[in-house]
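One-letter residues, chain by chain:
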Amino acid sequence: MNAKPITLFLDMDGVLANFESKYEEMFDVQLNKVSEDIWENNWRHWVEAKAFEKLDWFKGARELIDFATNLRNTGKIDRLEILSASGGQPYHDEVVRQKNAWLKSRGLFRHFDSVNVVESGKKKGEFAHDRSILIDDTYYVVHNFRDHGGIGLLHDGRVDDMTYQTNMALKMIG
């Protein structure tokens, strides 16, 4: 029986694209201080403004992509994929379009075997298996991915730490 391919998933917002700085610029509020009712109104405006297309690179994202691409090119992983969330309905299709536009405008499609945009971070766990690694900046998403059998790595912005943790995870997978 063939083993599943070793797959490395990269989140977009907070890993490749700088969601937080654009949100704070657009709404003049720190992201962690937004109440749920304000979030809903801002979210509609965010999507209608096509903000996902306008995000800057997250610090170290290019280096992380180069590292991950090298892992695939050297055979240490079999697949390199995007695994991002849209925030759900009613804007799912539009967010998917915007995220794909962001990837295209930066020439990133050639780096990835697949681009997966699910409705919520919780759904990322459905992609987990014993030979999968997810680099994500959201604590509950990482733990949910682990609960579903994958290796979840919490990205805090330090690329050197992510490369080290990824290499250690690959050793665990064997």
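Residues numbered from 1 in each chain as written. Predicted model: local features only at pLDDT ≥ 70, side-chain atom pairs only at ≥ 80, totals over all residues. Heavy atoms only, no water.

S.K.: Is there a simple way to explain unusual backbone geometry in this structure?
M.R.: If a residue is not glycine, its phi is most likely negative; likewise, a peptide bond is most likely trans. The omega torsion across Q89 and P90 is 10°, close enough to zero to call that bond cis. Tracing the chain through its elements places P90 in the loop between β2 (79-85) and α4 (92-105). One non-glycine residue, D28, adopts positive backbone phi at about 50°. Along the chain, D28 turns up in the loop between α1 (19-27) and α2 (36-48). Non-glycine residue K50 carries a positive phi angle of around 55°. Counting through the fold element by element, K50 comes out in the loop between α2 and α3 (61-73). (Helix = DSSP H or I, 4+ residues; strand = E, 2+ residues; numbered from the N terminus.)

S.K.: Could you clarify how one ought to interpret the pairing of strand β3 (residues 114-118) in this entry?
M.R.: The two faces of a sheet get side chains in turn, since along a regular strand they alternate between them. Here β2 runs beside β3; their pairing, made up of five bridges, is parallel. In the strand pairing of β3, L83 is matched with N116. (Pairing = 2+ DSSP bridges.)

S.K.: Would you take a moment to explain the layout of surface pockets for this structure?
M.R.: Using a probe with the size of a water molecule, rolled over the atoms, empty space left in the structure can be pinpointed. By volume, the largest pocket is sized at about 770 Å³. Broken down by secondary-structure element, the contributors of at least two residues to the lining of the largest pocket are α1, α2 and α5 (139-147). The leading source of residues in the lining of the largest pocket is α2, at three residues. Grouping the constituent residues of the lining of the largest pocket by class yields twelve nonpolar, ten polar and ten charged. (1 Å grid on protein atoms, 1.4 Å probe; cavity = no way out; pocket = protein on both sides within 12 Å on 5 of 7 lines; lining within 4 Å. Points joined across faces, edges and corners; volume = space filled by probe spheres on them. Nonpolar A, V, L, I, M, F, W, Y, C, P; charged D, E, K, R; others polar.)

S.K.: Can you help me understand the nonpolar core in this one?
M.R.: Formed by 41 residues in total, the largest nonpolar core has its most connected members in L8, L10, L16, W46 and W102. In this structure W46 touches F19, K22, Y23, M26, F27, A51, F52 and L55, once residues within four positions along its chain are discounted. (Core = buried A, V, L, I, M, F, W, Y, C linked by side-chain atoms within 4.5 Å. Buried < 20%, exposed > 50% of the residue type's maximum accessible area, 1.4 Å probe, protein only. Contact = heavy atoms within 4.5 Å.)

S.K.: In this structure, what is going on with the pairing of strand β1 (residues 7-10)? I would like to understand it.
M.R.: Side chains T7 and F9 of β1 all project onto a buried face; the interleaved residues L8 and L10 project onto the opposite face, where all are buried too. Bridging between β1 and β2 involves four bridges; their strand directions are parallel. Looking at β2, one finds that L10 is bridged to I82. When β1 meets strand β4 (residues 132-136), the two strands line up parallel, connected through four bridges. Opposite L10, over in β4, you have I135 as the bridge partner.

S.K.: Honestly, the packing of aromatic side chains in this entry has me stumped. Any pointers?
M.R.: Pairs of aromatic rings are described using the distance from one ring centre to the other and the angle between the two planes. For the structure shown, the criterion picks out 14 aromatic pairs. Centroid distance F9 to F127: 5.9 Å. Interplanar angle 80°. Geometry classified as edge-to-face. With F9 in strand β1 and F127 in the loop between β3 and β4, this residue pair connects regions lying 118 residues apart in the sequence. With 6.1 Å between their ring centres and 75° between their planes, F9 and F145 make a pair best called edge-to-face. With a gap of 136 residues between them, F9 in strand β1 and F145 in helix α5 connect regions that are remote in the sequence. Like F145, F9 is buried. (Phe/Tyr/Trp six-rings, centres within 6.5 Å; stacked < 30°, edge-to-face > 60°.)

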